[in-house]
Amino acid sequence: MASATAPTTLSLLPTTTSSSTSHTRSSLLHLSPASSSISLRFTSLRRLGFSAADPLLSLKVASKVRSFGGKGVRGVVSMVKKSVGDLTSADLKGKKVFVRADLNVPLNDNQEITDDTRIRAAVPTIKHLIQNGAKVILSSHLGRPKGVTPKFSLAPLVPRLSALLGIQVVKADDCIGPEVEKLVASLPDGSVLLLENVRFYKEEEKNDPEFAKKLASLADLYVNDAFGTAHRAHASTEGVTKFLKPSVAGFLLQKELDYLVGAVSSPKRPFAAIVGGSKVSSKIGVIESLLEKVDILLLGGGMIFTFYKAQGISVGSSLVEEDKLDLATTLIEKAKAKGVSLLLPTDVVIADKFAPDANSKIVPASAIPDGWMGLDIGPDSIKTFNDSLETTKTVIWNGPMGVFEFEKFATGTEAVAKKLAELSGKGVTTIIGGGDSVAAVEKVGVASVMSHISTGGGASLELLEGKQLPGVLALDEATPVAV
Ligand SMILES: Nc1ncnc2c1ncn2[C@@H]1O[C@H](COP(=O)(O)OP(=O)(O)O)[C@@H](O)[C@H]1O
Ligand SMILES: O=C(OP(=O)(O)O)[C@H](O)COP(=O)(O)O
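Basis of the calculations
- Residues numbered from 1 in each chain as written.
- Chains lettered and ligands numbered in written order.
- Predicted model: local features only at pLDDT ≥ 70, side-chain atom pairs only at ≥ 80, totals over all residues.
- Heavy atoms only, no water.
- UniProt positions renumbered as here; feature names shortened; annotations may be inferred.
- Axes fitted to C-alpha atoms, helices over the stretch in contact; angles between N-to-C directions.
- Helix = DSSP H or I, 4+ residues; strand = E, 2+ residues; numbered from the N terminus.
- Parallel < 35°, antiparallel > 145°, perpendicular 65-115°, else oblique.
- Left-handed = near helix turned anticlockwise from the far one by under 90°.
- Contact = heavy atoms within 4.5 Å.
- Nonpolar A, V, L, I, M, F, W, Y, C, P; charged D, E, K, R; others polar.
- Near = heavy atom within 4 Å.
- Polar contact = N/O pair within 3.5 Å; in protein donor to acceptor, adjacent residues only side chain to side chain.

Per an unreviewed UniProt entry, the chain goes by Phosphoglycerate kinase and derives from Lithocarpus litseifolius. Recorded under Pathway (unreviewed entry), the UniProt text for the chain is reproduced unchanged: "Carbohydrate biosynthesis; Calvin cycle." Under the UniProt heading Subcellular location (unreviewed entry), the note attached to the chain is "Plastid, Chloroplast".

What follows is the structure in structure tokens.
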């Protein structure tokens, strides 16, 4: 174990701060006479509540140091991973840059984009690259296809991307292979080639090194701006970094980490999390860690039926993860033991089929008939949830309360969006994460009043858990940047 007095490897570049200012804060920051840089020692890290073993240590320290900005220390570190902002036209002109973005936007049955937040969020990085003469090879997944599936093609994104970038984006029909190589070879400086859905290959999610190598062979350097997918160790988010140097963070990734690490490392309390949506198997596991962090946990969406069934309640044909029933029981017990207020909806809106024109009715959660499925939380639950959020100081929300895409089942989700907007107006920190949750907040027209709109649901929850995000870890370390 490291000695308690050894200096950490963290050191911040010299700032224009006078030494007297730094000495005033000497209990926290020490001015190193040799380099005149500010360095933090393990002892002071502990006093600040950090653990030297924390994988997110450097990000958390960066965020903490930034908070000294108003108190005399002017130099702050924005991020410890190399950033696309560090790359100038000398680095980029004529270079082929593989950009992994998360363009996993919601599409309706007519293949129209219903919320373009993730596309807009990817624009600053792409613009920086094309304005500096790079050839951008843009990659993303869309949905969870099993093999090549036309409805998960990235083709519907081309017009919106082109309009936002102000240039015509070229689309490839594949993401690797000779046809793609030909298109890459013909790219002029300052142009963008959008590769086809990288998940059309099963090797992507398996993080297959040969597949990663093929993706990497298209380019000279790598930028990861896919915050929403940074919690996945996939070929295009992690594997590819082994073959492309430098591998740097995009502006969106940087912005998300900057905000979220700061907000969730020492949240103002009471701290509430609201978790819903349909990705039950990947998000139910997060709840265990959330119980360590939050004071209030509200569950909605497809998540709740696994909890009901675990308690012996009939759920009809609602979404259930049979192999998570034991986990759900354990989580309820853990919440009790930890004194966390875990609230499940007491009533639900049920449907006789999964369709916008389904027959629907409101029933107690314990009275879902066979053949019916729960597609929203009911009015009593909305009231209970609203009341429980009343005293909170920080709220993080991921996953809609119901199938909000169908008007009949959108009430619960819209009510939560409105409540968080109201709380935001009263100074509560409100963080909304996830493609569909953000789409819901945009639909209600309250996105602009939230403290932070995150392009990642699962990614922001994992960050909150204190987990390492593989897509971030794989990037090159930066020389700390004073800004
Ligand atoms: N009770 C439910 N049954 C089935 N699907 C649901 C239910 N409640 C919400 N959903 C669906 O969950 C999806 C969003 O889930 P998820 O991807 O986990 O959220 P996010 O994209 O915000 O992270 C939406 O498409 C919504 O229709
Ligand atoms: O939509 C996403 O995640 P989110 O729903 O947790 O925000 C990302 O695009 C990641 O997708 P995935 O959960 O299929 O890996």
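Asks: How should I be thinking about the packing of helix H5 (residues 117-131) against helix H6 (residues 158-165) in this particular structure?
Replies: A pair of packed helices is captured by two measures, namely the crossing angle of their axes and the spacing between those axes. As a packed pair, H5 and H6 sit with axes 10 Å apart at the nearest point and diverge in direction by 50°. Here H6 runs oblique to H5, going by the angle between their axes. Helix-helix and strand crossings are classified by hand; for H5 and H6 the assignment is right-handed. Residues Ile 119, Arg 120, Val 123, Ile 126 and Lys 127 of H5 lie in contact with H6, whose contacting residues are Arg 160, Leu 161, Leu 164 and Leu 165. A class-by-class count of the residues in the contact of H5 with H6 yields six nonpolar, no polar and three charged.

Asks: So what exactly am I meant to see when it comes to the site of ligand 2 here?
Replies: Lining the immediate surroundings of ligand 2 are 15 residues, of which Asp 102, Arg 144, Arg 199, Arg 232 and Gly 458 lie closest. Taking Lys 283, its side chain carries an N or O atom lying 3.3 Å from an oxygen atom of ligand 2. Note that an oxygen atom of ligand 2 is positioned 2.7 Å from one of the backbone N or O atoms of Gly 458. Here the shell around ligand 2 is built from residues that sort into no nonpolar, eight polar and seven charged.

Asks: Hey, could you run me through the packing of helix H10 (residues 251-265) against helix H17 (residues 458-465) in this one?
Replies: Between H10 and H17, whose axes approach to 9 Å, the crossing angle comes to 45°. With respect to H17, the axis of H10 lies oblique. For the pair H10 and H17, the sense of crossing is right-handed. Taken together, the residues of H17 that come into contact with H10 (itself represented by Leu 257, Leu 260, Val 261 and Val 264) are Ser 460, Leu 463 and Leu 464. Here the residues of the contact of H10 with H17 sort into six nonpolar, one polar and no charged.

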